[in-house]
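# Commentary on secondary and tertiary structure
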Amino acid sequence: MMYLPLENKAAIVTGGASGIGYSIVKGLARAGAGVIIADMSHQGEEAAKALVEEGLNVIFVQGDVTLSEDAQRIASKAEELFGGLDILVNNAGIYPRSMMPDTTEELWDRVMSINVKGVFLMCQAAAPWLKKRGGGAIINMSSSHAAVGSPELFAYSVSKGAISTLTRNLAGALTSDRIRVNAINPGWVATEREIEVQALNGRNLDWLIEKGKTLPLGRLQTGEDTAAVAVFLASDHATQITGQIIQVDGGSTVQ
Ligand SMILES: NC(=O)c1ccc[n+]([C@@H]2O[C@H](COP(=O)([O-])OP(=O)(O)OC[C@H]3O[C@@H](n4cnc5c(N)ncnc54)[C@H](O)[C@@H]3O)[C@@H](O)[C@H]2O)c1
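Residues numbered from 1 in each chain as written. Predicted model: local features only at pLDDT ≥ 70, side-chain atom pairs only at ≥ 80, totals over all residues. Heavy atoms only, no water.

Okay, the nonpolar core next. In terms of nonpolar packing, the biggest core is built from 33 residues, with Ile24, Leu28, Val35, Ile37 and Val58 touching the most fellow members. Among the secondary structure elements, those contributing two or more residues to this core are strand S1 (10-14), helix H1 (19-30), strand S2 (34-39), helix H2 (43-53), strand S3 (58-62), strand S4 (87-90), strand S5 (136-141) and helix H9 (223-234). Setting aside residues up to four positions removed in sequence, Leu28 forms contacts with Leu6, Ala11, Val13, Ala33, Val35, Val89, Val231 and Ala234. Among the nonpolar cores identified, the runner-up in size contains 29 residues, and Ala10, Leu121, Met122 and Ala171 belong to it. (Core = buried A, V, L, I, M, F, W, Y, C linked by side-chain atoms within 4.5 Å. Buried < 20%, exposed > 50% of the residue type's maximum accessible area, 1.4 Å probe, protein only. Helix = DSSP H or I, 4+ residues; strand = E, 2+ residues; numbered from the N terminus. Contact = heavy atoms within 4.5 Å.)

Right, here's the structure in full:
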C-alpha cells in the first residue's frame, strides 16, 4: 500500500491557481490531503479540474486574501468541504520590480496588502479551525530576498522580511494550540509570472536558464523543490519544528 503522509488532512493553499502555489497544491494532494485552491483568479477552476481528473481531492474557492470577509469564508470552507482544517499555506503574493525612488505609495500599499496583510488575515481566520482539530501547520511563502534584501524589489523584499517576523511571532503565540508556523524562502523559480516580469526588462527564458547555471547548485529552483519542503513541514515528520525559516534557494545565501 502507498504511504500517504497527509492522508485525512485538509489544506488551504492561497494563490494555488498557478506557479509555486499550484506545485504545492499538487504535492499536498498527492500526499493524500484534500486541498482548497484559494485564489483571486478564476484560473483556479481549471487548475482544480485538472487534478480532480487525476483522482485527487482538490476544490477551487475564489477569494481575495486582502479582504477579511473572504479570508473568513475561505477558512470556514474547509470545515464545510472536508470536516476541518489541518494545513494553511500562505503563498499568494506579488513581486513587482521597483527601486526605492520609483516605488509609488499605491505600489507600496498593494504589495503590503497582499504579501503581509493577506497572510495575517488568513492566519487569523484559520487559527480557530486548526485549534479545533487539536493543532496543525501554517506555512508562509517568503523569499530569499527577506534574508538578503534587494534594491530592485524594494517594497517586495520589505514585505517578505515582515513575513519572517510574522512567522516567528505567530509560532510563539500558537504553540499552546499545537499549531506550528514555519516559512519557506524559495530562491529563484521560473514560474510563468516570473518569466512575464523578466520579459518587461527584455530578458527571456533562455537568459533565466543561463543565470540559473551560475547559481551555487547550478540551476534555478522549481515549484516542486518548494512543494517537497511544504509537504514535509505539513506532515507529522515535522511535529517538533516551528518558528523556522527554511531556505530553498540552491545555496544562493551561503556564497
Ligand atoms: N517565482 C519566484 O522566483 C519566487 C521566489 C521567491 C518567492 N516567491 C513567492 O512565491 C509565491 C508565489 O509566486 P509565483 O511565482 O508562483 O507567483 P504567481 O503569480 O504564479 O502565483 C501567485 C498567485 O497568487 C494569486 N493572488 C495574487 N493576489 C491574490 C489575492 N489578493 N488573493 C488571492 N490570490 C491572490 C494569483 O492569482 C496567483 O495565482 C509568492 O508569494 C512569491 O512572492 C516566488
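So, about unusual backbone geometry. Unusually for a residue other than glycine, Asn8 sits at a positive phi of about 70 degrees. Here Asn8 shows up in the segment before S1. Its identity as a non-glycine residue notwithstanding, Arg178 has a phi of 60 degrees, on the positive side. By secondary structure assignment, the location of Arg178 is in the loop between helix H6 (154-174) and strand S6 (179-186).

Bringing the site of the ligand into the picture now. Surrounding the ligand, one finds 28 residues, the nearest of these being Asp39, Tyr95, Tyr156, Thr191 and Arg193. Between the ligand and Tyr95, the relevant distance is 2.6 Å, taken from an oxygen atom to a side-chain nitrogen or oxygen of the residue. In this structure, Arg193 approaches the ligand through a side-chain N or O atom, which is 2.5 Å from an oxygen atom. For the ligand, the protein covers 95% of the area, taking 830 Å² as the surface of the free molecule. Where the shell around the ligand is concerned, the elements lending two or more residues are H1 and H6. Residue composition of the shell around the ligand, grouped by class: 12 nonpolar, 12 polar and four charged. (Near = heavy atom within 4 Å. Polar contact = N/O pair within 3.5 Å; in protein donor to acceptor, adjacent residues only side chain to side chain. Areas by Shrake-Rupley, 256 points an atom, 1.4 Å probe, with all protein chains shown as cover. Nonpolar A, V, L, I, M, F, W, Y, C, P; charged D, E, K, R; others polar.)

This next bit is on the sheet that holds strand S7 (residues 245-248). Read from one edge to the other, the open sheet built from seven strands follows the order S3-S2-S1-S4-S5-S6-S7, with strand pairing classed as parallel. Edge positions in the sheet fall to S3 and S7, since each of these pairs with one other strand and no more. On average, adjacent strands in this sheet sit at an angle of 20 degrees to one another, irrespective of strand direction. Here four bridges tie S4 to S5, and the two strands are oriented parallel to one another. Across the sheet, the residue bridging to Val89 is Ile139, located in S5. (Pairing = 2+ DSSP bridges. Axes fitted to C-alpha atoms, helices over the stretch in contact; angles between N-to-C directions.)

A separate point is the domain arrangement of the chain. Here the chain is partitioned into domain 1 (10-186 + 224-246) and domain 2 (194-220). A straight line from the C-alpha centre of domain 1 to that of domain 2 covers 25 Å. (Domains from an automatic or database assignment.)

This part takes up the environment of Ile139. With respect to the helices and strands, Ile139 occurs in strand S5. Judged by its relative accessible area of 0%, Ile139 falls in the buried class. Through-space distance from the C-alpha of Ile139 to that of Val52 is 24 Å; in sequence the pair is 87 residues apart. Those residues within four positions of Ile139 in sequence are excluded, and the remaining contacts are Leu88, Val89, Asn90, Asn182, Ile184, Ala230, Leu233 and Ala234.

This part covers the packing of aromatic side chains. Scanning all chains against the criterion turns up three aromatic pairs. Both rings, one in Tyr95 and one in Tyr156, keep their centres 5.9 Å apart while their planes meet at 70 degrees; by these two values the pair is edge-to-face. With Tyr95 in the loop between S4 and helix H4 (105-132) and Tyr156 in helix H6, the pair connects residues that are 61 residues apart, well separated along the chain. Centre to centre, the rings of Trp108 and Phe154 are 6.4 Å apart; their planes meet at 40 degrees, and the pair counts as tilted. Of the two residues, Trp108 sits in helix H4 while Phe154 sits in helix H6, which places them 46 residues apart along the sequence. Given the relative accessible area of 31%, Trp108 is considered partly exposed. (Phe/Tyr/Trp six-rings, centres within 6.5 Å; stacked < 30°, edge-to-face > 60°.)

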